[in-house]
Amino acid sequence: MVNFYIGIDFGTSGARSITINSQRTVVAQTQFPFPPFTDTSEWVSLWKTALFDVIQQIPLHFRRQIDAIAINGTSATVLLCDTNGIPVQSPILYNDSRAITVLEQLKKIAPPDHIVNSATSSLAKLIWWLTVETANTKPQKSAPHYFLHQADWLAFLLHGKLGISDYHNSLKLGYDVENLTYPNWLINGLQSLTDLELLKLPDIVAPGTPITTITPEIAEQLKLPKTCVICAGTTDSIAAFLASGAKIPGEAVTSLGSTLVLKLLSNSPINHSKYGIYSHRLGDLWLTGGASNTGGAVLRQFFSDRSLENFSRQINPNYNSNLNYYPLIKKGDRFPINDPELLPRLQPRPDNPVEFLQGLLEGIAKIEAQGYQLLQQLGATPLTQVYSAGGGAKNPIWTAIRQRYLNVNTVNSIHTEAAYGTALLARNQKLTELTHH
Ligand code: ADP
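The rules we used
- Residues numbered from 1 in each chain as written.
- Predicted model: local features only at pLDDT ≥ 70, side-chain atom pairs only at ≥ 80, totals over all residues.
- Heavy atoms only, no water.
- UniProt positions renumbered as here; feature names shortened; annotations may be inferred.
- 1 Å grid on protein atoms, 1.4 Å probe; cavity = no way out; pocket = protein on both sides within 12 Å on 5 of 7 lines; lining within 4 Å.
- Points joined across faces, edges and corners; volume = space filled by probe spheres on them.
- Helix = DSSP H or I, 4+ residues; strand = E, 2+ residues; numbered from the N terminus.
- Buried < 20%, exposed > 50% of the residue type's maximum accessible area, 1.4 Å probe, protein only.
- Domains from an automatic or database assignment.
- Contact = heavy atoms within 4.5 Å.
- Buried area = accessible area lost by both parts, 1.4 Å probe.
- Salt bridge = Lys/Arg side-chain N within 4 Å of Asp/Glu carboxyl O.
- Polar contact = N/O pair within 3.5 Å; in protein donor to acceptor, adjacent residues only side chain to side chain.
- Near = heavy atom within 4 Å.
- Sits in = over half its atoms within 2 Å of the grid points.
- Nonpolar A, V, L, I, M, F, W, Y, C, P; charged D, E, K, R; others polar.
- Pairing = 2+ DSSP bridges.
- Axes fitted to C-alpha atoms, helices over the stretch in contact; angles between N-to-C directions.

The protein is annotated in an unreviewed UniProt entry as D-ribulose kinase of Planktothrix paucivesiculata PCC 9631. Checking UniProt for the protein, the heading Sequence similarities (unreviewed entry) contains the comment "Belongs to the FGGY kinase family." Among the UniProt annotations of the protein, the heading Catalytic activity (unreviewed entry) holds the following wording: "D-ribulose + ATP = D-ribulose 5-phosphate + ADP + H(+)".

In structure tokens, the structure reads:
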């Protein structure tokens, strides 16, 4: 009997699944792109369709031998459900900032500088539901309701247990991931707004923890074994980190997408709200990092992907252009420089596009190096190796330039898909097995 594991990624543009065998080799991949401009009232039915569809597309001979499934969602996409798991409101998506209206209220509850103090945090969204939405529509004030993240709800559709989440999804709800408990300020704060007998906060487990087996009906419907275990999930960006292969403290993943995102595996957590730095727990290690507004979106402002490739080939990565750029699309950055007024620095602009591109690639590489320095200055484990992901990772000239500034080995991730990281979680079911000291 061969064992297979499914990781399912609910990202911003669609759902994907990756099936791996016990040797971690990918045996099947499926996807379900979300249609553009979907109304929020249709999200939950779309998610359910996507979940079932990405599973049903997996060839039957693998599906019949699935040992475990884990799901990652987008961080801070949240739902409020009744006791049958039926959402009582439209979900609030990760980037929805309607809760800006409750920030003052949130400030009275949460410690200053806590990660929840943001209009898009899960806690801000919960408070919005408890105050603004309740005042407008008075939903089931007397009935219990469950607060869940997207990944929790999707897993519930498979295992049927309500009220379970993981400590990655729950970080932005205010869960104390160091002490593995809901902090008193959170409980007291929510108690001042609602009846906690009726608001069911999820019980939090480690990502990957086996929750229970799939329900017999869903196993039958999806042609999965009745013994298939559904595991606690994670968030999309942590899943992408797990996919990269980085596992030792000091190893990092730089995502060179539209923006520049750094993640460094560390022995100790560091949190610095001024720079938007926070830490996720990864077993007995910590994943810390920050995000800069620089990145591929600035490159795209000036170059097509094709000309990026062509011009890059003409760059000598060992030579320094001496153009001291800070590439941004508009003013303001948070990490590694926290200055909302910081202006893009893109002058002087040479006539030769190859030189100009070199200046941009070097500028972003310098910001990356400065970012890792800042994380280390604040106490993170010293950087030893950087894996690359995102659109810019496929540019070997840029990799060579970055290596010059970073001064550590820079390698491409073998896997960059969040669904792969989540499949590893389903296979190992323990974060400590995916990382090493
Ligand atoms: P996201 O998911 O954040 O939108 P991707 O990971 O898809 O981004 O990466 C897209 C970015 O990669 C674009 O902004 C583009 O400028 C950049 N990019 C594409 N090809 C190259 C290349 N050859 N060299 C450097 N950057 C590139």
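From this point, things continue past the structure.
### As for empty space enclosed by the protein
Applying the stated criterion across every chain, the model contains 1 cavity of 30 Å³ or more. There is about 80 Å³ of room inside the largest cavity. Residue lining of the largest cavity: 13 residues in total, with A151, D152, A155, A232 and G233 positioned closest to the centre. Mapped onto the lining of the largest cavity, the elements with two or more residues apiece are α5 (150-159) and β7 (164-166). The leading source of residues in the lining of the largest cavity is α5, at 4 residues.

### Concerning unusual backbone geometry
Between F335 and the following residue, P336, the backbone shows a cis peptide bond with an omega angle of 0°. Looking at the secondary structure, you find P336 in the loop between α10 (305-313) and α11 (353-377). A cis amide bond links Q347 to the next residue, P348, at an omega of -5°. With respect to the secondary-structure elements, P348 resides in the loop between α10 and α11. Even without being glycine, L180 reaches a positive phi, approximately 50°. Within the secondary structure, L180 is located in the loop between β7 and α6 (184-191). L180 sits in the partly exposed class, given a relative accessible area of 41%.

### A few points about the domain arrangement of the protein
When the parts of a complex come together, some accessible area is lost, and that lost area is often taken as the interface size. According to the domain assignment, the protein contains domain 1 (4-237 + 420-428) and domain 2 (246-414). Each of domain 1 and domain 2 has a C-alpha centre, and these two points are 30 Å apart. Each side of the interface is counted separately: domain 1 has 11 residues, and domain 2 has 11 residues. Summed over both partners, the interface of domain 1 with domain 2 buries about 940 Å², with 55% contributed by carbon and sulfur atoms. Considering only the side of domain 1, the residues that lose the most area to domain 2 are Y167, H168 and E178, jointly responsible for 40% of the buried surface there. Viewed at the interface, domain 2 and domain 1 are joined by 0 salt bridges. The interface formed by domain 1 and domain 2 includes 5 residue pairs in polar contact (both at pLDDT 80 or more).

### Focus on the site of the ligand
Inspection of the region around the ligand gives 14 residues, with S258, G296, G390, G391 and N395 positioned closest. A297 places a polar main-chain atom, nitrogen or oxygen, 3.4 Å from an oxygen atom of the ligand. G391 has a polar backbone atom sitting 2.9 Å from an oxygen atom of the ligand. Judged by the proximity of its atoms to the pocket grid, the ligand belongs to the second largest pocket. Of all elements in the fold, only α9 (296-302) and α10 reach the threshold of two or more residues within the shell around the ligand. The residue makeup of the shell around the ligand, split by class, is 4 nonpolar, 7 polar and 3 charged.

### Re the sheet that holds strand β8 (residues 199-200)
Reading across from one edge, β5-β6-β8 is the order of the 3 strands in this open sheet, with mixed pairing throughout. Each edge of the open sheet carries a strand with a single partner, namely β5 (78-81) and β8. Strand direction decides the pairing type here: β5 and strand β6 (residues 145-149), joined by 4 bridges, are antiparallel. Paired with C81 across the two strands is Y146, which belongs to β6.

### Some remarks on the sheet that holds strand β14 (residues 260-266)
The strands making up a sheet associate through hydrogen bonds between their backbones, and the pairing can be parallel or antiparallel. Pairing is mixed in the open sheet, where 6 strands are placed in the order β15-β16-β14-β13-β17-β18. At either margin of the open sheet sits one strand with a lone partner, and together these are β15 (278-282) and β18 (409-412). The average angle at which neighbouring strand axes cross in this sheet is 25°, direction not considered. Across 5 bridges, strand β13 (residues 251-256) lies against β14 in antiparallel orientation.

### Re the layout of surface pockets
Looking at the second largest pocket, its volume works out to about 460 Å³. Tallied by class, the residues present in the lining of the second largest pocket amount to 8 nonpolar, 7 polar and 5 charged.

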